[in-house]
Amino acid sequence: MLRTIFRRLTKALLWFAGGSVLLVLVFRFVPPPGTALMVERKVESWVDGEPIDLQRTWKPWDEISDDLKVAVMAGEDQKFPEHWGFDFSAIQAALAHNELGGSIRGASTLSQQVSKNLFLWAGRSYLRKGLEAWFTALIEVFWPKQRILEVYLNSVEWDDGVFGAEAAARHHFGVSAKSLSRQQASYLAAVLPNPRVWSASHPTAYVSRRAGWIRQQMSQLGGDSYLLGLNDSRRAPWSQ
């Protein structure tokens, strides 16, 4: 009986692994039609009895402001071009901070956020974190960095039901994602830690200060030049 259970479990795991690899490979070339987070928001609206109109329009890489690309990396993950999905120094710093109590600090990279938003549910559990690590590893292996950032910018939430750069630009500033200014991009990046509470178009004093800090970081990173060679910026893990 134990042998049968083990065999069936092994078979299920192999099917899951193969299916997830295939799904990641498909999404390297095909725009994801939606995300798990979008489904979750819709289900929440049904449960709460408060209908929500999900807004999202996919835009390819060249139709998204370069300022927004750099701003998001400056504010969320400055080592994005270099790492393979996990920033271990940031993880260690977050663990040390959280041991002191008080506010909880996260250390998710953009790649981890793509994995979570695209494939998984919200919440904290060892199972979800394990699956997040699995999908993060897959997209880092099978997708170039530019594709990871492109999917992130088209999937991240920027207000209740507002997903992706195009919907966010229209919602907050009345412009297209390609037409976002440097300042507008910095405000969108500034609210990403808590986009359902903070507003890019009606910023608090804290959000304005954070946006200013992001613009400083954008300049220090080299501005648009930080995007050059994005796909070739990583070294092999064993060479680090």
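To be clear, the structure that these remarks concern was listed above.
Being a predicted model, the structure only gives us computed values, none of them experimental.

Cut-offs used in this document
- Residues numbered from 1 in each chain as written.
- Predicted model: local features only at pLDDT ≥ 70, side-chain atom pairs only at ≥ 80, totals over all residues.
- Heavy atoms only, no water.
- Helix = DSSP H or I, 4+ residues; strand = E, 2+ residues; numbered from the N terminus.
- Rg over C-alpha atoms; globule rule 2.2 N^0.38 Å.
- Phe/Tyr/Trp six-rings, centres within 6.5 Å; stacked < 30°, edge-to-face > 60°.
- Buried < 20%, exposed > 50% of the residue type's maximum accessible area, 1.4 Å probe, protein only.
- Lys NZ or Arg CZ within 6 Å of the ring centre and 35° of its normal.
- Contact = heavy atoms within 4.5 Å.
- Salt bridge = Lys/Arg side-chain N within 4 Å of Asp/Glu carboxyl O.
- Axes fitted to C-alpha atoms, helices over the stretch in contact; angles between N-to-C directions.
- Left-handed = near helix turned anticlockwise from the far one by under 90°.
- Nonpolar A, V, L, I, M, F, W, Y, C, P; charged D, E, K, R; others polar.

## Here's the deal with the overall build of the chain
Thinking step 1. Within the chain one finds ten helices and two strands.
Thinking step 2. What you see in the chain, going N to C, is helices and strands ordered as α-α-α-α-α-α-α-β-β-α-α-α.
Thinking step 3. Over its C-alpha atoms the chain spans a radius of gyration of 19 Å, differing by no more than 12% from the 18 Å that the globule rule assigns to 240 residues.
Thinking step 4. When the backbone C-alpha atoms are referred to their principal axes, the chain occupies close to 65 × 50 × 45 Å.

## Quick word on the packing of aromatic side chains
Thinking step 1. Counted according to the given criterion, the structure contains four aromatic pairs.
Thinking step 2. Measuring from ring centre to ring centre gives 5.3 Å for Trp198 and Tyr206, while their planes differ by 50 degrees; the resulting arrangement is tilted.
Thinking step 3. For Tyr206, a relative accessible area of 42% corresponds to the partly exposed category.
Thinking step 4. Taken together, the ring pairs connect Phe16, Phe27, Phe119 and Phe135 into an aromatic cluster.
Thinking step 5. Lys69 extends its terminal NZ or CZ atom over the ring of Trp61, reaching a point 3.8 Å from the ring centre.
Thinking step 6. Cation over ring: Lys145 sits above Phe80, and NZ or CZ is 4.2 Å from the ring centre.

## So, the environment of Asp66
Thinking step 1. By the secondary structure assignment, Asp66 is in helix H3 (residues 66-76).
Thinking step 2. On the basis of relative accessible area, Asp66 is assigned to the partly exposed category, the value being 32%.
Thinking step 3. Residues Asp66 and Ser225, 159 residues apart in the sequence, show an inter-C-alpha distance of 9.6 Å.
Thinking step 4. Those residues in contact with Asp66, other than ones at most four positions away along the chain, are Asp224 and Leu227.

## Some points on the pattern of salt bridges
Thinking step 1. Tallying each qualifying case throughout the model produces 13 salt bridges.
Thinking step 2. One salt bridge connects Glu44 with Arg196, and the closest N-O pair in it is separated by 3.9 Å. Of this pair, Glu44 sits in helix H2 (residues 36-48) while Arg196 sits in the loop between helix H9 (182-190) and helix H10 (205-221), placing them 152 residues apart in sequence.
Thinking step 3. The salt bridge involving Arg128 is made with Glu132; its shortest N-O contact spans 3.1 Å. Pair noted here: Arg128 and Glu132 are both in helix H6 (residues 126-142), with a separation of four residues, about one helical turn.

## Focus: the packing of H9 against H10
Thinking step 1. H10 packs onto H9 with a crossing angle of 115 degrees between their chain directions and a minimal axis gap of 8 Å. Two packed elements cross with a definite hand, and for H9 against H10 that hand is right-handed. Only Val207, Ser208, Arg210, Ala211, Ile214, Arg215, Met218 and Ser219 of H10 make contact with H9, whose side of the interface consists of Arg182, Gln183, Ser186, Tyr187, Ala189 and Ala190.
Thinking step 2. Classifying every residue of the contact of H9 with H10 gives seven nonpolar, four polar and three charged.

None of the figures reported here should be taken as evidence of function without further support.
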